[in-house]
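# Structure assessment
The lines below spell out each chain.
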Amino acid sequence: MNEPLVRISQSGAVRTLQLNRPEALNSFNSQLHAALMAGLEEAAADSAVRCVVLSGAGRAFCAGQDLADPLVAPDTTPGAAPKDLGHVIESLYAPLVLRLRSMPVPVIASVHGVAAGAGANLALCCDLVVAARSASFIQAFTKIGLVPDTGGTWLLPRLVGSARALGLALLGDKLPAADAAQMGLIWKCVDDAELALTVETLATRLSDMPLRALVATRKALADAQQLDLASSLAREAGLQRELGAAQDYREGVEAFRAKRAPRFTDR
Ligand code: LHQ
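Please read all numbers here as calculations on a predicted model, not as lab measurements.

## Considering the overall build of the protein chain
- Helix and strand counts for the protein chain stand at 10 helices and 9 strands.
- In terms of overall dimensions, the protein chain is globule-like: its C-alpha atoms have a radius of gyration of 20 Å, near the 18 Å expected for 267 residues.
- Considering the protein chain as a whole, with its 267 residues, one finds that 44% of them fall into the buried category.
- In the protein chain, of all internal contacts separated by at least 6 residues, the share reaching a separation of at least 24 is 67%.
- Looking at the protein chain as shown, the accessible area adds up to about 13800 Å², and 59% of this sits on carbon and sulfur atoms.

## Some details on helix α3 (residues 118-125)
- Burial analysis of α3 places 8 of its 8 residues in the buried class, which makes it a mostly covered element.
- Of the positions making up α3, those classed as buried are Ala 118, Gly 119, Ala 120, Asn 121, Leu 122, Ala 123, Leu 124 and Cys 125.

## Focus on the site of the ligand
- Around the ligand, 22 residues are found, and the nearest of them are Arg 59, Ala 63, Gln 65, Leu 67 and Ala 118.
- Within the backbone of Ala 63, a nitrogen or oxygen atom sits 2.9 Å from a nitrogen atom of the ligand.
- In the model, an oxygen atom of the ligand is placed 2.9 Å from a nitrogen or oxygen of the Ala 118 main chain.
- Relative to its unbound accessible surface of 1000 Å², the ligand loses 63% to contact with the protein.
- Sorting elements by how many residues they give to the shell around the ligand places helix α2 (residues 85-101) first, with 4 residues.
- When its residues are assigned to classes, the shell around the ligand shows 15 nonpolar, 4 polar and 3 charged.

## Side note on the sheet that holds strand β4 (residues 107-111)
- Judged by pairing direction, the sheet is mixed, and its 6 strands sit side by side in the order β1-β2-β3-β4-β6-β9 without closing on themselves. In the strand order of this sheet, the two ends are held by β1 (6-11) and β9 (188-190), each with one partner. Shown here is a sheet whose adjacent strand axes are inclined to one another by a mean of 20°, direction ignored.
- The sheet contact formed by strand β2 (residues 14-19) and strand β3 (residues 51-56) spans 6 bridges and is parallel. Bridged to Thr 16 within β3 is Val 53.

## Some remarks on the nonpolar core
- Core analysis: the largest hydrophobic core is formed by 65 residues, its most contacted members being Leu 36, Ile 108, Val 111, Leu 122, Phe 137 and Leu 185.
- Not counting residues within four places of it along the chain, the set of residues in contact with Leu 36 comprises Val 6, Leu 17, Leu 19, Phe 28, Leu 54, Leu 96 and Leu 122.

## Section: the pairing of β3
- Counting buried positions along β3 gives 6 out of 6 residues, so the element sits mostly inside the fold.
- Of the two faces of β3, the one lined by Cys 51, Val 53 and Ser 55 and the one lined by Val 52, Leu 54 and Gly 56 are each fully buried.
- Crossover β2 to β3 through helix α1 (residues 30-45) is right-handed.
- Direction of pairing for β3 relative to β4: parallel, over a ladder of 3 bridges. Across the sheet, the residue bridging to Leu 54 is Ala 109, located in β4.
- The β-α-β motif built from β3, the intervening α2 and the parallel element β4 has right-handed crossover chirality.

## Focus: unusual backbone geometry
- Of note, the phi angle at Asn 26 is positive, near 55°, even though the residue is not glycine.
- When you line up the elements, Asn 26 lands in the loop between β2 and α1.
- Within the chain, Lys 259 stands out as a residue other than glycine whose phi angle is a positive 55°.
- Among the structural elements, Lys 259 can be located in the segment after α10 (247-257).
- The exposed category is assigned to Lys 259, whose relative accessible area is 79%.

## A closer look at the sheet that holds strand β5 (residues 114-116)
- Strands sit in the order β5-β7-β8 across an open sheet of 3 strands; the sheet is mixed. Each end of this open sheet is capped by a strand with a single partner; those strands are β5 and β8 (174-176). With direction set aside, neighbouring strand axes in the sheet form an average angle of 20°.
- Bridging between β5 and strand β7 (residues 136-138) involves 3 bridges; their strand directions are parallel. By the bridge assignment for β7, Ala 115 is matched with Phe 137.
- Its contacts with the sheet put α3 on β5 and β7, and the angle it makes with β5 is roughly 100°.

Cut-offs used in this document
- Residues numbered from 1 in each chain as written.
- Predicted model: local features only at pLDDT ≥ 70, side-chain atom pairs only at ≥ 80, totals over all residues.
- Heavy atoms only, no water.
- Helix = DSSP H or I, 4+ residues; strand = E, 2+ residues; numbered from the N terminus.
- Rg over C-alpha atoms; globule rule 2.2 N^0.38 Å.
- Buried < 20%, exposed > 50% of the residue type's maximum accessible area, 1.4 Å probe, protein only.
- Contact = heavy atoms within 4.5 Å.
- Areas by Shrake-Rupley, 256 points an atom, 1.4 Å probe, with all protein chains shown as cover.
- Near = heavy atom within 4 Å.
- Polar contact = N/O pair within 3.5 Å; in protein donor to acceptor, adjacent residues only side chain to side chain.
- Nonpolar A, V, L, I, M, F, W, Y, C, P; charged D, E, K, R; others polar.
- Pairing = 2+ DSSP bridges.
- Axes fitted to C-alpha atoms, helices over the stretch in contact; angles between N-to-C directions.
- Core = buried A, V, L, I, M, F, W, Y, C linked by side-chain atoms within 4.5 Å.
- Right-handed = clockwise from strand over helix to strand, strands pointing away.

Limitation: the analysis is restricted to geometry and does not speak to function.
Next comes the structure, spelled out in structure tokens:
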């Protein structure tokens, strides 16, 4: 039987989606895009899933777009039309980013080995990025004459500020995970042997939390980048109004007052 392009597993309420094209460092072709999108849709629709972990099989997280894929590989025949990379972004990468950022549950990127190009920004789109010490992040785009995509131009300056975003994007150097954590590009860098357990513990912890609050927090923090203070305050009021009417708020306060652990059920 053929290996699936995305290996899907479930442990408790945690769904793991593992990119599985190790022979090409999990680089994206159309089939991998379709499999990942389907895996995310399935996880989003399944109320038993309360956290998603994204990882890669083999020695890398993801090397970005598969540059050998005829979809993007320049045709060297004289007079051949250029490949429409804009269409590739619009039809594959942009929907993937928007799907990830609108997941009804938190998403953790578990990064070992290299995360390059769209693979780096795919990880950075996740809510929390935990990387093994031997992992690295490469904004590989300018090296092949392109700009950062998969949300990179939006994410990088927000995560690390303009000066560092420009340095990373212009130079395309390999950034070790420890430096990525130190500059605030990712949440955490851990020793290689600790990656699996760290991610598992974090995912279980998130899956026990009030998910609607987590998802609203993700969106409020992102949206606030475009808002002034008064508008952010108004937005916070609106979100508290909404969340304050939900079961998880009642449960959280009741558990606090009863000095017991809460059991959150909303999704
Ligand atoms: C690969 C790839 C790869 C195919 C390694 N493709 N085979 C969006 C839309 C439209 C167009 C274009 O792009 C985008 C977004 C993007 O993602 S652009 C950026 C695309 N990615 C890159 O430019 C990264 C290219 N790869 C590398 O720079 C290196 O391979 C890295 C730094 C990832 C890993 O280096 P090493 O650990 O030294 O491994 P390697 O280079 O020896 O690669 C191992 C194999 O994987 C090798 O194949 P081979 O048959 O020789 O063993 C590579 O050709 C293959 N591979 N990345 N993106």
